[in-house]
Amino acid sequence: MSITNEMEIIFDSRSENEGFARVAVAAFMTQLNPTIEEVADVKTAVSEAVTNSIIHGYEDIIGKISIRTRILEKELIVEIKDQGKGIEDIKQAMEPMYTSKPEQERSGMGFAFMEAFMDDIQVYSQSGYGTKVVMKKTIGKGRELWTTQSL
């Protein structure tokens, strides 16, 4: 299996760029002929990861966030990376309802949403050096089964 297409974008960690990131990945994945639900799932996961970089990774400073999106046959691979403060305890950060910013009324559900909407999520982080979230989703999973069964 080889990469059939990829793109990379880099943007400032400003909250107004979160929508741009969602739409850019959604537009790129259209070549896989996704369902509306698959597009919505990916947009939600991207939104959560980018928001985490902005709010937790960079806090009150503006840094760079990169998104590298690849297509490997029917699999969409989205990597979102920052050079922010990093995550000290990834396992704790990924627990539903855990938030390091309760004063901002954060729900602590970002990683839980990413896990729910994508097939696989891996988080790599080093305190003081940033975080990389790698999410994967097979597009069209189940459609082949439906097509062959309906004949």
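Refer to the structure printed above.
Criteria and thresholds
- Residues numbered from 1 in each chain as written.
- Predicted model: local features only at pLDDT ≥ 70, side-chain atom pairs only at ≥ 80, totals over all residues.
- Heavy atoms only, no water.
- Phe/Tyr/Trp six-rings, centres within 6.5 Å; stacked < 30°, edge-to-face > 60°.
- Buried < 20%, exposed > 50% of the residue type's maximum accessible area, 1.4 Å probe, protein only.
- Lys NZ or Arg CZ within 6 Å of the ring centre and 35° of its normal.
- Helix = DSSP H or I, 4+ residues; strand = E, 2+ residues; numbered from the N terminus.
- Contact = heavy atoms within 4.5 Å.
- Polar contact = N/O pair within 3.5 Å; in protein donor to acceptor, adjacent residues only side chain to side chain.
- Expected span 1.5 Å × (residues − 1).
- Core = buried A, V, L, I, M, F, W, Y, C linked by side-chain atoms within 4.5 Å.

Bringing the packing of aromatic side chains into the picture now. Within the structure shown, the criterion is met by one aromatic pair. Look at Phe11 and Phe20: their rings are 5.9 Å apart centre to centre, the planes differ by 85 degrees, and that puts the pair in the edge-to-face class. Looking at Phe11, the relative accessible area reads 6%, which means it is buried. Positioned over the ring face of Tyr124 is Lys132, at 5.7 Å from the centre of the ring.

All right, on to the environment of Asp120 then. Locating Asp120 in the fold gives a position in strand β4 (residues 120–126). For Asp120, a relative accessible area of 30% translates into the label partly exposed. Excluding anything up to four places from it in sequence, Asp120 contacts Val134, Met135 and Lys136. Reaching out from Asp120, the side chain makes a polar contact with the side chain of Gln122 at a distance of 3.3 Å.

Turning our attention to helix α2 (residues 36–57). Between its terminal C-alpha atoms α2 stretches 30 Å, which fits the 32 Å expected from 22 residues at 1.5 Å a residue. With 16 of 22 residues buried, α2 is to be regarded as a mostly interior element.

The subject of this paragraph is the nonpolar core. Of all hydrophobic cores here, the largest spans 36 residues; its most connected members are Val46, Val50, Ile67, Ile80, Phe111 and Met135. Every element with two or more residues in this core is listed here: β1 (3–12), α1 (18–29), α2, β2 (64–72), β3 (75–82), α4 (110–117), β4 and β5 (130–138). The dominant element in this core, judged by the number of residues it contributes, is α2, at eight residues. Apart from residues no more than four positions distant in its own chain, Val50 is found in contact with Phe11, Glu18, Ala21, Ile65, Ile67 and Ile80.

Purely geometric numbers; function is a separate question.
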